[in-house]
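Now for the letters of each chain:
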Amino acid sequence: MTDQTQTADSIFSLMTLDKDALQPAPIDPSWVLDGDPEAKCQKISEIGDYWTAVDHWSCTAGKFRWFYNLDETILILEGEAFITDDNGVEYHVLPGRTLSFTDGTKAVWTVPNYVRKIAFNQRSVPTYLHKFCRAVNKIHRMVFR
């Protein structure tokens, strides 16, 4: 929900995390492994032509496989989940913990009761573009100092 203090002249986007504002965001049925998990989501922000996005997300009890098509870092706000990577390593995420996923990976989520998170998503950028951008930034700093 947008904060009331914003005006047409506002430069920044101010949001309030309101779990009642989350909208249904069903998990692909073919990803569900057990139970009937119900996911909800609200887009908090998008920056740079969809290069970066932040989502407020929740899910009820269930087990499902998630496929990551973006780099994603999560911050757990409420509840818990057990997340298992393809090497069989299990991560127990609780409020205040973060976990990062790389574009192209997948994980099995087991949500015992409920989990709510903030997801920081970014399109992955090839290494050669990172190197190019660093070079351009270095030249820019040298020229405009």
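Here the structure is a predicted model, which means the values were calculated and not measured. (Residues numbered from 1 in each chain as written. Predicted model: local features only at pLDDT ≥ 70, side-chain atom pairs only at ≥ 80, totals over all residues. Heavy atoms only, no water.)

Regarding its fold elements, the protein chain presents one helix and nine strands. When its helices and strands are written in sequence order, the protein chain yields β-β-β-β-β-β-β-β-β-α. Along the first, second and third principal axes, the C-alpha set of the protein chain runs to 60 × 45 × 25 Å. When the 145 residues of the protein chain are sorted by exposure, 25% land in the buried category. With the model as given, the accessible surface of the protein chain reaches about 9700 Å², and the carbon-plus-sulfur share is 55%. (Helix = DSSP H or I, 4+ residues; strand = E, 2+ residues; numbered from the N terminus. Buried < 20%, exposed > 50% of the residue type's maximum accessible area, 1.4 Å probe, protein only. Areas by Shrake-Rupley, 256 points an atom, 1.4 Å probe, with all protein chains shown as cover.)

Pairing of strand 5 (residues 71-79) with strand 9 (residues 106-122) involves eight bridges; the strand directions are antiparallel. Paired with Leu 75 across the strands is Ile 118, a residue of strand 9. Sheet analysis places strand 5 next to strand 8 (residues 98-101), joined by four bridges and oriented antiparallel. What sits directly across from Leu 75, in strand 8, is Thr 98. (Pairing = 2+ DSSP bridges.)

Turning next to the packing of aromatic side chains. Within the structure shown, the criterion is met by nine aromatic pairs. Ring geometry for Trp 31 and Trp 66: centres 5.1 Å apart, planes at 80°, overall edge-to-face. Separated by 35 residues along the polypeptide, Trp 31 in the loop between strand 1 (23-24) and strand 2 (32-34) and Trp 66 in strand 4 (residues 52-67) bring together distant segments of the chain. Owing to a relative accessible area of 21%, Trp 66 belongs among the partly exposed residues under this scheme. Three or more aromatic residues joined by ring pairs make a cluster, and in this case those are Trp 31, Trp 57, Phe 64, Trp 66, Phe 67, Tyr 68, Phe 101 and Trp 109. (Phe/Tyr/Trp six-rings, centres within 6.5 Å; stacked < 30°, edge-to-face > 60°.)

Enumeration according to the criterion identifies seven salt bridges in this entry. Here Lys 43 and Asp 55 are joined by a salt bridge, their closest N and O atoms 2.9 Å apart. Taken together, the residues span a long stretch of sequence, with Lys 43 in strand 3 (residues 39-47) and Asp 55 in strand 4 at a distance of twelve residues. The residue Lys 106 makes a salt bridge to Asp 86 at a minimum N-O spacing of 3.1 Å. Taken together, the residues span a long stretch of sequence, with Lys 106 in strand 9 and Asp 86 in the loop between strand 6 (81-84) and strand 7 (90-93) at a distance of 20 residues. Exposure remark for Lys 106: the relative accessible area of 32% places this residue in the partly exposed category. The network of salt bridges with shared partners includes Lys 19, Glu 78 and Arg 116. (Salt bridge = Lys/Arg side-chain N within 4 Å of Asp/Glu carboxyl O.)

A word on a nonpolar patch on the surface. A contiguous nonpolar patch, built from Tyr 128, Leu 129, Phe 132 and Val 136 and spanning about 410 Å² of accessible area, is present on the exposed surface. Mapped onto the elements of the fold, Phe 132 is located in helix 1 (residues 127-143). Exposure remark for Phe 132: the relative accessible area of 53% places this residue in the exposed category. (Patch = residues over 30% accessible without salt bridge, like charges linked within 9 Å, V, L, I, M, F, W, Y side chains within 5 Å.)

Let us look at the side chain of His 56. By the secondary structure assignment, His 56 is in strand 4. Exposure remark for His 56: the relative accessible area of 0% places this residue in the buried category. Reaching out from His 56, the side chain makes a polar contact with the side chain of Arg 116 at a distance of 2.9 Å. Residues contacting His 56, with those up to four places away along its chain left out, are Leu 17, Asp 18, Lys 19, Leu 22, Lys 40, Cys 41, Gln 42, Ile 44, Leu 77, Arg 116, Lys 117 and Ile 118. (Polar contact = N/O pair within 3.5 Å; in protein donor to acceptor, adjacent residues only side chain to side chain. Contact = heavy atoms within 4.5 Å.)

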